[in-house]
Amino acid sequence: MKKKDKSLIQSIAISGLTIAGGFLTRKLLEKSWEKSTGKTPPTSPYSEENSMKEVLVWTVATGILVSVSKVLLDWTFSAGADQLSES
């Protein structure tokens, strides 16, 4: 297999795994929210069943955790791919 093709496949795999990891992180956060508050996470800032505080906490928590997990997963998978390509 050509080095360019191998690199493309690794990039696609890393992107897919990172997206899947971000999705799983969000799902875990949703379950944690439901357990801790007894309510479903806010999906609309205009819903009357959620306070502005809940909407802001959900937005900040989701943004931070999903972003951090994507960076960590991308870094981890990239490091692993670099080690494989050196072999």
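This text follows the structure it describes.
About the thresholds
- Just so you know, the residues in each chain are numbered from 1, in the order the chain's sequence is written.
- For a predicted model such as this one, the threshold for reporting local features is a pLDDT of at least 70, and the threshold for listing and counting side-chain atom pairs is 80 or more; totals across whole chains, interfaces and linings nevertheless cover every residue.
- Note that water and hydrogens are dropped before the side-chain values are worked out from all heavy atoms of the structure.
- Secondary structure counts use DSSP, requiring at least four H or I residues in a row for a helix and at least two E residues in a row for a strand, with both numbered from the N terminus.
- Each residue is assigned to one of three classes by its accessible area relative to the maximum for its type, calculated with a 1.4 Å probe on protein chains only: buried under 20%, partly exposed between the two thresholds, exposed over 50%.
- In this scheme, a helix's expected span is set at 1.5 Å multiplied by one less than its residue total.
- In what follows, residue pairs with any heavy atoms lying within 4.5 Å of each other are defined as contacts.

*Asks:* What's the story with the environment of Ser78 in this structure? I'm lost.
*Replies:* Considering the arrangement of structural elements, one finds Ser78 in helix H2 (residues 52–86). Relative accessible area serves as the criterion here: at 22%, Ser78 is assigned to the partly exposed category. Each C-alpha atom of the pair Ser78 and Gln10 lies 8.4 Å from the other, and the pair is 68 residues apart in sequence.

*Asks:* Whenever I open this one, helix H1 (residues 3–37) confuses me. Can you help?
*Replies:* Since one α-helical turn is 3.6 residues long, residues separated by three or four positions face the same way. Counted at 1.5 Å a residue, the expected span for H1 with its 35 residues is 51 Å, and the 50 Å between its end C-alpha atoms agrees. Turning to H1, its buried residues are Gln10, Ile14, Thr18, Gly21, Gly22, Leu29, Glu30 and Trp33. Phi for Gly38, located one or two positions after H1, is positive at around 80 degrees.

*Asks:* Help me out: how do you make sense of the side chain of Thr18 in this one?
*Replies:* The topology assignment puts Thr18 in helix H1. Residue Thr18 is classed as buried on the basis of its relative accessible area, which comes to 9%. Dropping the residues within four chain positions of it, Thr18 is found in contact with Lys70, Leu73, Asp74 and Phe77.

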